[in-house]
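Examination of the molecular architecture
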Amino acid sequence: MEKYVDPFPSSIDISIITNDRPLSLTRLLKSLSQSHFYGDTANLRINAEQSADDETLKIIQNIDWPHGAVFVHHRVVQGGLMPAVVESWYPPSNDTYGLLLEDDVELSPLFYAWAKMSLLRYRYLKPVQTVSFITFSLRYGDSANRSPLLFGISLYQQKIVELPLEGRRLFNARALFNKHGIPDRSTPYLSSIPCSWGAIYFPEHWREFHAYLPLRLSGVPTFNHTDLIVPNVRSNKWKRSWKKYFIELAYLRGYVMLYPNYPDFVSLSTNHLEVGSHVKIRTAEKQRQFQVPLMETTHRGTVGLLDLPARTLPPWDALPVLNLTGHMTTLASLAKVGHVRREELTGCTDHPALFDIRHLLCTTPKL
């Protein structure tokens, strides 16, 4: 695959969260080493918990990473999974993106290509031109394809929807789109659900989340004495999950994440569902529910990166939109629902400024 000249100053920081699963960490690092970066720089950050075992620490000390700088952070006080993830990365600029990886994730060698072409399509507004990228041409530059509602890019394709109150249920985006008469069911889609099994987060939204979390955990005074921010979802029962709080922020804002939708659930990352903070018992049934096949390089695999509508990423306004429980909706509907809930919680009826968490939560002092 050919290298290309990146017309933007963007970069993707890779942040790994690990503790005491050296075999899992080794598998993840191997998949990273086999991935294609097309000459780009990608800095690597390893975040090791205080309780990381000697074998894990030895693996970290011997990392050989030719694609950029390596930074190692080892906690001296046990933090737990929520701070381990949330504090694993903070964007230094609005052109720096964070790929967050727990150590039981494994990556496709083409994960970076999916991430980069999605960033070029939906994030950058320079004059329209054609960029030679891998073996195809990608057009970028249309302002209609950029929205502040997009908070990230998932590498993982959903097989299960976890948030309905009645419990987890099987999910197939292609079957859903076929049912709703969407012309090309191979289209990627937008979902309110943040992915924790291999996903890239955008700098503005991650900073806003960092600002939201301490206010939320300390008890936002304007929330009318309720801990229930998002009605009728199972994440309200998640006591130690950072995703619970990101779901709240996404709900109030109407934020969405881009998800792939390749045949047979072929994805750019998979989760091996190792025993850890959230998985106490690893059964074969659970593994079948959550593991997905990884996309291989085109000379080996039958599913390719360009198995997309018209062999390109669709325009922003053509992407289907799903809510937290996996049902079809619209961006306008998500925004309206969030606005109504914000008014119920805070009494504020104005439209909050972008990425201003104090304005969103109505804690900004009045002049």
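Residues numbered from 1 in each chain as written. Predicted model: local features only at pLDDT ≥ 70, side-chain atom pairs only at ≥ 80, totals over all residues. Heavy atoms only, no water.

Some thoughts on the overall build of the protein chain
Quick note on the threshold: Strands are runs of DSSP state E lasting at least 2 residues, helices are runs of H or I lasting at least 4, and numbering of each runs from the N terminus. Contact criterion: two residues are considered in contact whenever any of their non-hydrogen atoms come within 4.5 Å of each other. Method for areas: the Shrake-Rupley scheme with a 1.4 Å probe, in which residue coverage is limited to the protein chains shown.
If you tally the helices and strands in the protein chain, you get ten helices and 16 strands. Residue pairs in contact within the protein chain that sit at least 24 positions apart in sequence constitute 79% of those at least 6 positions apart. Summing over all exposed atoms, the protein chain offers an accessible surface of approximately 16,300 Å²; the carbon and sulfur share of this is 53%.

Describing the nonpolar core
As a reminder, the rule being used: Here, nonpolar core means buried Ala, Val, Leu, Ile, Met, Phe, Trp, Tyr and Cys residues that are tied together by side-chain atoms lying within 4.5 Å of each other. Under the scheme applied here, a residue whose accessible area is under 20% of the maximum for its type counts as buried, over 50% as exposed, and between as partly exposed, the area being computed with a 1.4 Å probe on protein chains only.
Core analysis: the largest hydrophobic core is formed by 109 residues, its most contacted members being Ile14, Leu32, Phe111, Trp114, Phe209 and Tyr262. With residues near it in sequence (within four places) discarded, Phe209 still touches Val86, Trp242, Tyr245, Phe246 and Leu249.

What to know about helix 2 (residues 54-61)
For clarity, the threshold we go by: Note: the arc covers the axis-to-C-beta directions of the helix.
When we look at burial in helix 2, the residues that qualify are Thr56, Ile59 and Ile60. Along the axis of helix 2, the buried positions cluster into a sector of 100°, meaning they face one direction only. Projecting away from the buried face of helix 2 at angles above 90 degrees are the exposed residues Asp54, Lys58 and Gln61. Among the structural elements, strand 1 (11-18), helix 1 (22-33), strand 2 (44-48) and strand 3 (70-74) are those in contact with the buried residues of helix 2.

Focus: the pattern of salt bridges
Proximity of charged atoms lets side chains of opposite charge pair with each other. Applied cut-off: Salt bridges, as used here, are contacts in which a Lys or Arg side-chain nitrogen is within 4 Å of a carboxyl oxygen on Asp or Glu.
Counting across every chain of the model gives eleven salt bridges. The salt bridge involving Arg75 is made with Glu87; its shortest N-O contact spans 2.6 Å. Here Arg75, found in the loop between strand 3 and helix 3 (81-86), pairs with Glu87, found in the loop between helix 3 and strand 4 (96-102); they are twelve residues apart in sequence, far enough to count as distant. Judged by relative accessible area, Arg75 falls into the buried class, the value being 16%. Classification of Glu87 by relative accessible area gives partly exposed; the value is 46%. Between Arg168 and Glu162 there is a salt bridge, with the nearest N and O atoms lying 3.3 Å from each other.

Considerations on the packing of helix 1 against helix 2
How we decide: Under this scheme, a helix contributes an axis fitted over its contacting stretch, all axes are lines through C-alpha atoms, and angles between N-to-C directions fall in the 0 to 180 degree range. Working definition: roughly parallel below 35 degrees, roughly antiparallel above 145 degrees, roughly perpendicular at 65 to 115 degrees, and oblique for all remaining angles. As a working rule, the residues Ala, Val, Leu, Ile, Met, Phe, Trp, Tyr, Cys and Pro are called nonpolar, Asp, Glu, Lys and Arg charged, and the rest polar, with Gly in that last group.
Packing of helix 1 against helix 2 leaves a shortest axis separation of 9 Å and a crossing angle of 20°. Classed by the angle they form, the pair helix 1 and helix 2 counts as roughly parallel. Residues Pro22, Leu25, Thr26 and Leu29 of helix 1 touch helix 2, and the partners they reach there are Glu55, Thr56, Ile59 and Ile60. Residue composition of the contact of helix 1 with helix 2, by class: five nonpolar, two polar and one charged.

Details of the sheet that holds strand 15 (residues 321-322)
Rules: At least two bridges found by DSSP between two strands is the condition for calling them paired.
Pairing is mixed across the open sheet formed by ten strands, whose spatial order is 3-2-1-4-12-8-13-11-15-16. Edge positions in the open sheet fall to strand 3 and strand 16 (328-329), since each of these has one partner strand only. Two elements, strand 1 and strand 2, share five bridges in a ladder whose sense is parallel. The partner of Ile16 across the bridge, within strand 2, is Ile46. Against the sheet, helix 2 engages strand 1, strand 2 and strand 3, with an angle of about 165° to strand 2. Packing of helix 6 (residues 203-218) onto the sheet brings it into contact with strand 4, strand 8 (150-154) and strand 12 (199-201), and relative to strand 4 it is tilted by some 65°.

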